[in-house]
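Listed below are the residues making up each chain.
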Amino acid sequence: MNQLTPRQAERKERILQAVRDHLSRYGYEGLSMREVANSASVSPTTLYNQFQNKDGLILAAQTEVLAQVSASVAARAKSGIEHLIASAEAIAEQVVQNPRYAEAMTRMLFNGSPTDPICQILLGSVVQQNRNRILEMLELGEVHKDVDVDLFARTLAGDAWATILLWMKGFIALQDFKRDYVLRLLMTLAPVLTPKTARRYRALLPACFRTTL
């Protein structure tokens, strides 16, 4: 891939920021390529040449957001369970701060086919990242040695999206979303944590889970 010139990089960032702003205000259905072009001070032709269509534009914006979240988490978390919790907190904060943007991403994922890039970005890559974290937790002695890494990586990804779906359907209030999102992660992890690790995070769990640790 050719490296962007400073001018091209600045233009691309203007475009992607305009996409995020429009998604946050109007959602997926309200996003217009022409309006994004106007907001970013570029021609619609430039936009179509660079991103092909609306979904390509949104994918590029979301890829950059996820890269920023990953960099932020890496800067403040070490590895293993600490990294998983920090990632969950960062993602939940993104949802709370930009709910319409989160809804747009979720609708794209649920409406996409298994081969669509959005499925790899928002689901496949999450499963792989979870797998990497669980392997770290095994090395650190944070989970039991007989944990099924691949199954647990998929379970954590499924739980995360289930919580997002519950929020979108009105079963979780937005102000409670971060709490529920992080707690669900910890509740799923609880049965496979080693006693030493469980004691470190016991206070964060609901009382009914504390009695089993």
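How each quantity is defined
- Residues numbered from 1 in each chain as written.
- Predicted model: local features only at pLDDT ≥ 70, side-chain atom pairs only at ≥ 80, totals over all residues.
- Heavy atoms only, no water.
- Helix = DSSP H or I, 4+ residues; strand = E, 2+ residues; numbered from the N terminus.
- Buried < 20%, exposed > 50% of the residue type's maximum accessible area, 1.4 Å probe, protein only.
- Contact = heavy atoms within 4.5 Å.
- Arc of directions from axis to C-beta.
- Polar contact = N/O pair within 3.5 Å; in protein donor to acceptor, adjacent residues only side chain to side chain.
- Phe/Tyr/Trp six-rings, centres within 6.5 Å; stacked < 30°, edge-to-face > 60°.
- Lys NZ or Arg CZ within 6 Å of the ring centre and 35° of its normal.
- Core = buried A, V, L, I, M, F, W, Y, C linked by side-chain atoms within 4.5 Å.
- Axes fitted to C-alpha atoms, helices over the stretch in contact; angles between N-to-C directions.
- Parallel < 35°, antiparallel > 145°, perpendicular 65-115°, else oblique.
- Nonpolar A, V, L, I, M, F, W, Y, C, P; charged D, E, K, R; others polar.

Draft legend 1. Region of interest: the overall build of the protein. Helix and strand content of the protein: 11 helices and zero strands. Along the protein, from the amino end to the carboxyl end, the secondary structure elements read α-α-α-α-α-α-α-α-α-α-α. The dimensions of the protein, computed from C-alpha atoms along their principal axes, are 60 × 40 × 30 Å. Buried positions account for 39% of the 213 residues belonging to the protein. Taking all contacts inside the protein whose residues are at least 6 apart in sequence as the whole, residues at least 24 apart take part in 61%.

Draft legend 2. A look at helix α2 (residues 33-40). Taken together, the buried positions of α2 are Met-33, Val-36, Ala-37 and Ala-40. Looking straight down α2, one finds its buried side chains confined to an arc of 100°; they lie on one side. If you check the start of α2, you find a side-chain oxygen 3.3 Å away from the backbone N of Arg-34, and it comes from Ser-32. Looking one or two places after α2, you find Ser-41, whose phi comes out positive at around 60°.

Draft legend 3. Local environment of the side chain of Arg-20. Inspection of the secondary structure assignment puts Arg-20 in helix α1 (residues 6-26). The exposure class assigned to Arg-20 is buried, which follows from its relative accessible area of 9%. What Arg-20 contacts, discounting residues up to four positions off in sequence, is Glu-13, Ala-61, Glu-64, Val-65 and Tyr-101.

Draft legend 4. Main features of the environment of Arg-34. Mapped onto the elements, Arg-34 comes out in helix α2. Taking the C-alpha atoms as reference points, Arg-34 and Asn-53, 19 residues apart in sequence, are found 11 Å from one another.

Draft legend 5. How the structure looks around the packing of aromatic side chains. Scanning the model with the defined rule gives three aromatic pairs in all. Seen in terms of ring centroids, Phe-110 and Trp-161 are 6.2 Å apart; in terms of plane orientation they differ by 65°. Their pairing is edge-to-face. With a gap of 51 residues between them, Phe-110 in helix α6 (residues 99-111) and Trp-161 in helix α8 (residues 149-168) connect regions that are remote in the sequence. An aromatic cluster is built from Trp-167, Phe-177 and Tyr-181, whose rings are joined through pairwise contacts. It is Lys-54 that lies over the ring of Tyr-28; its NZ or CZ is 4.3 Å from the centre.

Draft legend 6. Quick peek at the nonpolar core. Core analysis: the largest hydrophobic core is formed by 63 residues, its most contacted members being Leu-47 and Leu-189. Of the residues forming this core, the biggest block, nine residues, is contributed by α8.

Draft legend 7. Focus on the packing of α1 against helix α4 (residues 54-76). Viewed as axis vectors pointing N to C, α1 and α4 meet at an angle of 100°, and their least axial separation amounts to 9 Å. Viewed along their axes, α1 and α4 adopt a mutual orientation that is roughly perpendicular. Across from Glu-13, Ile-15, Leu-16, Val-19, Arg-20 and Leu-23 in α1, the residues of α4 making contact are Leu-57, Ile-58, Ala-60, Ala-61, Glu-64 and Val-65. Taken together, the residues that form the contact of α1 with α4 break down as nine nonpolar, no polar and three charged.

Scope: geometric values only; no functional claims are made or implied.
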